[in-house]
Amino acid sequence: MKKIAILASGSGSNAEAIMKWAKASGLAEVVCVLSDKREARVLERAFNHNVPGLYVRKKKLESREEYDQKLIVRLADFNPDWIVLAGYMKLLTPKFLHVFRESGVRVINIHPSLLPLFPGLDGYGDAYRAGVKESGCTIHYVDEGMDTGEIIAQKTFPLIPGETLEEFKARGLLIENAFYPEILEKLLTQLL
Ligand code: GAR
């Protein structure tokens, strides 16, 4: 069974969807959830699923490289096959990606836009404000850039005329929660 480590910074609805899918499908085990935010709700969700949830603190003067080195050490304990970013809001350093790439670990992310459109911190917000008629979400391999890695799969959905940004985001998130496990299942069973 493949081992999945999740990195997340926020609410963790995607992390929760993945933990549920892993248990139900028997295809994977979520071995840990790491968060850079002490108060992140994702840690509570991990606890509720009996998955180790670890807060990895970023000290003020610590460089990105030093912080990622701590992540590398923590993750190594769990020996993951896949590192799945689910609302993790920091860029990973080249060293982090190199270390895991060398040992055959794959690192993927979900982003709330149809990349290469609207990379960055607020994909749904940027698409909404740009007045697009349709948007979506993208699952991609993570590289050194910001949301620039090879695209694995995308889901497109229209904006509903008159809906607020909050409604659009909530709808998008629900779509992500179904899409991420669906694509993980395909990746793990080599259908993608
Ligand atoms: C999701 O919309 C995810 O696509 C986005 O953060 C949200 C996390 O929600 N990720 C990014 O913007 C990464 N650049 P969640 O914590 O409920 O899974």
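Residues numbered from 1 in each chain as written. Predicted model: local features only at pLDDT ≥ 70, side-chain atom pairs only at ≥ 80, totals over all residues. Heavy atoms only, no water.

An unreviewed UniProt entry annotates the chain as Phosphoribosylglycinamide formyltransferase of Bacteriovorax stolpii. Regarding the chain, the relevant UniProt record gives this comment under Catalytic activity (unreviewed entry): "N(1)-(5-phospho-beta-D-ribosyl)glycinamide + (6R)-10-formyltetrahydrofolate = N(2)-formyl-N(1)-(5-phospho-beta-D-ribosyl)glycinamide + (6S)-5,6,7,8-tetrahydrofolate + H(+)". Quoted straight from UniProt, the Pathway (unreviewed entry) entry for the chain says "Purine metabolism; IMP biosynthesis via de novo pathway; N(2)-formyl-N(1)-(5-phospho-D-ribosyl)glycinamide from N(1)-(5-phospho-D-ribosyl)glycinamide (10-formyl THF route): step 1/1." (UniProt positions renumbered as here; feature names shortened; annotations may be inferred.)

Draft legend 1. Spotlight on the packing of aromatic side chains. Evaluated as defined, the whole model comprises 5 aromatic pairs. Each ring, one from F96 and one from F100, has its centre 4.8 Å from the other, and the planes form 55°; the classification is tilted. Residue F96 and its partner F100 are both found in helix α4 (residues 94–102); the two are separated by 4 residues, about one turn of the helix. Put simply, the rings of Y124, Y128, F157 and F168 pair up and form one aromatic cluster. Its end group placed over the ring of Y67, K90 keeps NZ or CZ at 5.6 Å from the ring centre. (Phe/Tyr/Trp six-rings, centres within 6.5 Å; stacked < 30°, edge-to-face > 60°. Helix = DSSP H or I, 4+ residues; strand = E, 2+ residues; numbered from the N terminus. Lys NZ or Arg CZ within 6 Å of the ring centre and 35° of its normal.)

Draft legend 2. Representation of the UniProt feature "binding site: N(1)-(5-phospho-beta-D-ribosyl)glycinamide" (unreviewed entry) in the chain in the model. Under the feature "binding site: N(1)-(5-phospho-beta-D-ribosyl)glycinamide" (unreviewed entry), the UniProt entry names G12, S13 and N14. In this fold, S13 is placed in helix α1 (residues 13–25). If we skip the residues at most four places from it in the chain, S13 touches R45, L173 and N177. Mapped onto the secondary structure, N14 falls in helix α1. Those residues in contact with N14 that sit more than four places away from it in its chain are A86, I110, L173, E176, N177 and Y180. (Contact = heavy atoms within 4.5 Å.)

Draft legend 3. A look at the site of the ligand. What surrounds the ligand is the set S11, G12, S13, N14, G87, M89, I110, H111, P112, G120, L173 and E176. In isolation the ligand has 460 Å² of accessible area, and contact with the protein removes 89% of it. Mapped onto the shell around the ligand, the elements with two or more residues apiece are α1, β5 (106–111) and α6 (165–188). Split into classes, the residues belonging to the shell around the ligand amount to 4 nonpolar, 7 polar and 1 charged. (Near = heavy atom within 4 Å. Areas by Shrake-Rupley, 256 points an atom, 1.4 Å probe, with all protein chains shown as cover. Nonpolar A, V, L, I, M, F, W, Y, C, P; charged D, E, K, R; others polar.)

Draft legend 4. Focus on α1. Between its first and last C-alpha atoms α1 spans 18 Å; for 13 residues at 1.5 Å apiece the expected length is 18 Å, and the two agree. Among the residues making up α1, those that are buried are S13, N14, A15, E16, A17, I18, M19, W21 and A22. In this fold, the buried residues of α1 make contact with β1 (2–8), β2 (28–35), α2 (41–48), β4 (82–85), β5 and α6. (Expected span 1.5 Å × (residues − 1). Buried < 20%, exposed > 50% of the residue type's maximum accessible area, 1.4 Å probe, protein only.)

Draft legend 5. View of the pattern of salt bridges. The full count for this structure, using the stated rule, is 10 salt bridges. Across the pair D122 and K169 runs a salt bridge whose closest N-O atoms are separated by 3.4 Å. Here D122, found in the loop between β5 and α5 (123–130), pairs with K169, found in helix α6; they are 47 residues apart in sequence, far enough to count as distant. The salt bridge involving D126 is made with R129; its shortest N-O contact spans 3.1 Å. Of this pair, D126 and R129 are both found in helix α5, 3 residues apart, which corresponds to roughly one turn of the helix. (Salt bridge = Lys/Arg side-chain N within 4 Å of Asp/Glu carboxyl O.)

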